[in-house]
Every structure is written in C-alpha cells, then in structure tokens.
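Descriptive analysis of the structure
One letter stands for each residue in the lines below.
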Amino acid sequence: MPMLTLILLMIGLGIYGMATSRHLIKSVIFLNVLEASVILFFLRLFTSDPGAVPILNGNNGAYVDPLPQALMITAIVIGASVTALTLMMSIKLYHQYGTLDWKTLLEVEDRQ
Amino acid sequence: MDLLLSILILTLIIAMLRENDSLRLVVYFTGFSLLMSALYFLYHAYDVALAEIAIGSAILPLIFIIAIGKQKTFVVISRVKDDFMNEEENSPGQTLLRGFAHRYGLKTEIHFEGQTRLKGAFRRRNADLMVIKSRRDGKYIFLMKSSSVLHYKMQRIVEGHRNLRFEVVEEDQIYD
C-alpha cells in the first residue's frame, strides 16, 4: 500500500513539474519522472507478494510474472530515445530563438 | 526498505522541483534513477533494474550534459565603436566574430561598452572575448582568456588580418 501512495504522488508531482516549470530541460526531466512512475506501477501490479525470480528451478508456483518486465525494458529504451529527441529539438530551439524559457518562446510564437 | 526508498525518492523529486540550475537537475536525476532501479530490484525485476542503471544513470545524463553544453553563448564585449566594429550586423568585425562563433555552434552576444574597466571583466561579466583599440599603432586587439579552449582557433583566424592583433590574458590581469 505505501508503494501505491508513492506511485500516485510521483504521477502527481511529475505532471505538476512538467506543467509549472519555466525551463524546457526541467520539463524533460519531469517527463522522465512520470515515465519511471508508470514503469513502477506496472511492476507493482504483477508482483505477487512472496514472489520469486521467474527461473525454473523447482520453486512451487509463486513466480513473478515475467511478461510486464519484458515490456518495461522496452518502455525504458523508448523513453530514453524520446528524451534524446526532445533534447535535440531543444538545441534547435535554442539556436533559433536564443532561449529555452517557455514563456519567452510562447511570446515569440505569438508575435509571428 | 520500501518505505526508506520511497521517502528518499520523494525528497529527490521535491529537490528537483525547487532547483533551477540545469546541471544540478541532471545530477539529482541521476540519483533518482539509481533509487528507482533499487526499487525495481526489490520487485524481482532484475533485468529492468539493470537496464535502468545503464540507461537512466549513464546514458541519459550524458545526453543531457551534451545538450546543455551546446546551449552556450559566445559573449563579446567591445570598447570600440567605429566603422570596423559597430551595431550593424554586417560590419567587418561583427561578421568575423559571428562567423567564428557560428562555426563552433555558439550563439553570439555582442555588448558595446565604452567605459568597462578591464580588470576582472572576464570573470565578472563572463565574457569570452574583448575588443579594444591600441593607442600606439591603431590596430584592433582581440583579448581572450588563456583558459578558453577556443583561443588557439581565434589566434589562427586573426593572423590572417593585417589590422588585427591577438592577445591572451590571465583572468584577472590588469590590462590597459
């Protein structure tokens, strides 16, 4: 139960951080926090409490489900590539407008 | 164990919320990734923990630091304001400096100040290059810090121009 509280708090703080941060790099970091919380949620959901590693060695049945784990590895890798893409775009934005402040960027967009 | 890790993770997230410096944010994020992989380990997801350590605390901070490093500006302080170097973007001095900064992917920022004290101006204003005019022979002098990586490249460019001279100074040297 404390783990579900942590997951909910992490989702809330992740969205709050993404929405309120002025700097683009900070938003990207909170996107990563949000992603980590989703991964934790999936792993928590499919873990039976006296679980064991899913390796066949005569353990009587109480295995952790290996399928969500395999999916979550994919999610981590995709999250890393999304982050790399976002940072690449941030470099382009910086060279175009000279700032990474959300407020200034939106003002520049309004003026055009 | 769960509870301890949860409290540490929440503390790190709140520290990230209150931090505004990008590089420090990246360091906090590295610690956050390590704690998250410890949590994955507790849920018997050893392969996920391994991937998270490799990606979250080695590759991602590297990408972040490279991206932050690309967002630097090349600050020029000019005491000269004549037909070599003025506020027009196509004056010869500005063309030279902007072309130089553009080649290394930097954004140029040029300030014109007649009365800047030269002592400590590099550290105080975080300048990369200063332009002054020599009283003796009328040449324009480009001053750069000796700690700057780019000063070898700038020196090579300046050597091709007859009305320019290049000098390297220490960071808080008196110079006038």
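Below is a short write-up of the structure. Since the structure is predicted, the reported quantities are computational estimates derived from the model, not experimental observations. (Residues numbered from 1 in each chain as written. Chains lettered and ligands numbered in written order. Predicted model: local features only at pLDDT ≥ 70, side-chain atom pairs only at ≥ 80, totals over all residues. Heavy atoms only, no water.)

A look at helix α1 (residues 2–20) of chain A
An ideal rise of 1.5 Å per residue puts 27 Å on 19 residues; α1 of chain A measures up with 26 Å between its terminal C-alpha atoms. For α1 of chain A, the complete set of buried residues consists of Met-3, Leu-6, Ile-7, Met-10, Leu-13, Gly-14 and Gly-17 of chain A. Buried positions in α1 of chain A, seen along its axis, are confined to an arc of 140 degrees and lie on one side of it. α1 of chain A presents Leu-8 and Ala-19 of chain A as exposed residues on the side facing more than 90 degrees away from its buried surface. Where α1 of chain A is buried, its residues meet α2 (24–45) of chain A together with α1 (2–18) and α2 (22–42) of chain B. (Helix = DSSP H or I, 4+ residues; strand = E, 2+ residues; numbered from the N terminus. Expected span 1.5 Å × (residues − 1). Buried < 20%, exposed > 50% of the residue type's maximum accessible area, 1.4 Å probe, protein only. Arc of directions from axis to C-beta. Contact = heavy atoms within 4.5 Å.)

Focus on the environment of Ala-36 of chain A
The residue Ala-36 of chain A is located in helix α2 in this model. According to the relative accessible area criterion, Ala-36 of chain A is buried, its value standing at 5%. Measuring from C-alpha to C-alpha, the distance between Ala-36 of chain A and Gly-79 of chain A comes to 9.2 Å, with 43 residues separating the pair along the chain. Filtering out sequence-adjacent residues up to four positions away, Ala-36 of chain A remains in contact with Met-10 of chain A together with Phe-32, Met-36 and Tyr-40 of chain B.

Some thoughts on the packing of aromatic side chains
Any aromatic ring pair is given by two values, namely how distant the centres are and how the planes are angled relative to each other. If you walk through the whole model with that rule in mind, you get 4 aromatic pairs over all chains. A ring pair is formed by Phe-41 of chain A and Phe-42 of chain A, whose centres lie 6.4 Å apart and whose planes are at 80 degrees; its orientation type is edge-to-face. Through a chain of ring-to-ring contacts, three or more aromatic side chains come together here, namely Phe-29, Phe-32 and Phe-64 of chain B. (Phe/Tyr/Trp six-rings, centres within 6.5 Å; stacked < 30°, edge-to-face > 60°.)

Describing unusual backbone geometry
Of note in the backbone geometry, His-44 of chain B takes a positive phi value of approximately 60 degrees without being a glycine. Tracing the backbone shows His-44 of chain B in the loop between α2 and α3 (46–69).

Points about the interface of chain B and chain A
Contacts between the two partners involve 40 residues from chain B, matched on the other side by 40 residues from chain A. Our count for the contact surface shared by chain B and chain A stands at 0 salt bridges. One can count 3 residue pairs in polar contact (both at pLDDT 80 or more) joining chain B with chain A. Within the residue set of the side of chain B that touches chain A, elements represented by two or more residues are α1, α2 and α3 of chain B. Broken down by element, the residue count for the side of chain B that touches chain A peaks at 11 residues, all from α3 of chain B. Of the residues assigned to the side of chain B that touches chain A, the class counts are 26 nonpolar, 7 polar and 7 charged. (Salt bridge = Lys/Arg side-chain N within 4 Å of Asp/Glu carboxyl O. Polar contact = N/O pair within 3.5 Å; in protein donor to acceptor, adjacent residues only side chain to side chain. Nonpolar A, V, L, I, M, F, W, Y, C, P; charged D, E, K, R; others polar.)

Let's talk about α1 of chain B
Its 17 residues place the ends of α1 of chain B 25 Å apart at the C-alpha level, agreeing with the 24 Å of an ideal helix rising 1.5 Å per residue. Within the sequence span of α1 of chain B, burial applies to Leu-5, Ser-6, Ile-9, Leu-10, Leu-12, Ile-13 and Met-16 of chain B. For α1 of chain B, the arc enclosing every buried residue in end-on projection is 160 degrees, short of the 170-degree limit, so these residues lie on one face. Facing away from the buried surface of α1 of chain B by more than 90 degrees, the exposed residues are Leu-3, Leu-4, Ile-7 and Arg-18 of chain B. Of the surrounding elements, those touching the buried residues of α1 of chain B are α1 and α2 of chain A together with α2 of chain B.

Regarding empty space enclosed by the protein
Think of a ball as big as a water molecule: rolled over the atoms, this probe shows where empty space is left. Under the defined criterion, the tally for this structure stands at 3 cavities of 30 Å³ or more. For the largest cavity, the calculated volume is near 110 Å³. Together, 15 residues line the largest cavity, and Asn-32, Glu-35 and Ile-76 of chain A together with Glu-52 and Leu-60 of chain B are the ones closest to its centre. For the lining of the largest cavity, the secondary structure elements donating two or more residues are α2 and α3 (66–97) of chain A together with α2 and α3 of chain B. Among the residues forming the lining of the largest cavity, the class breakdown is 9 nonpolar, 4 polar and 2 charged. (1 Å grid on protein atoms, 1.4 Å probe; cavity = no way out; pocket = protein on both sides within 12 Å on 5 of 7 lines; lining within 4 Å. Points joined across faces, edges and corners; volume = space filled by probe spheres on them.)

Side note on the sheet that holds strand β1 (residues 73–78) of chain B
Residue and element names in this part refer to chain B. The strand order β2-β1-β3-β4-β5 describes an open sheet built from 5 strands, whose pairing is mixed. Across the chains shown, the open sheet's two edge strands, defined by having one partner strand only, are β2 (107–112) and β5 (164–169). Averaged over neighbouring strand pairs, the angle between their axes works out to 25 degrees when direction is ignored. Summarising the sheet, strand β3 (residues 129–133) and strand β4 (residues 140–145) pair through 5 bridges and their orientation is antiparallel. Looking across to β4, one finds that Lys-133 is bridged to Tyr-140. Relative to β5, helix α6 (residues 151–158) is tilted by about 160 degrees, and along the sheet it contacts β3, β4 and β5. (Pairing = 2+ DSSP bridges. Axes fitted to C-alpha atoms, helices over the stretch in contact; angles between N-to-C directions.)

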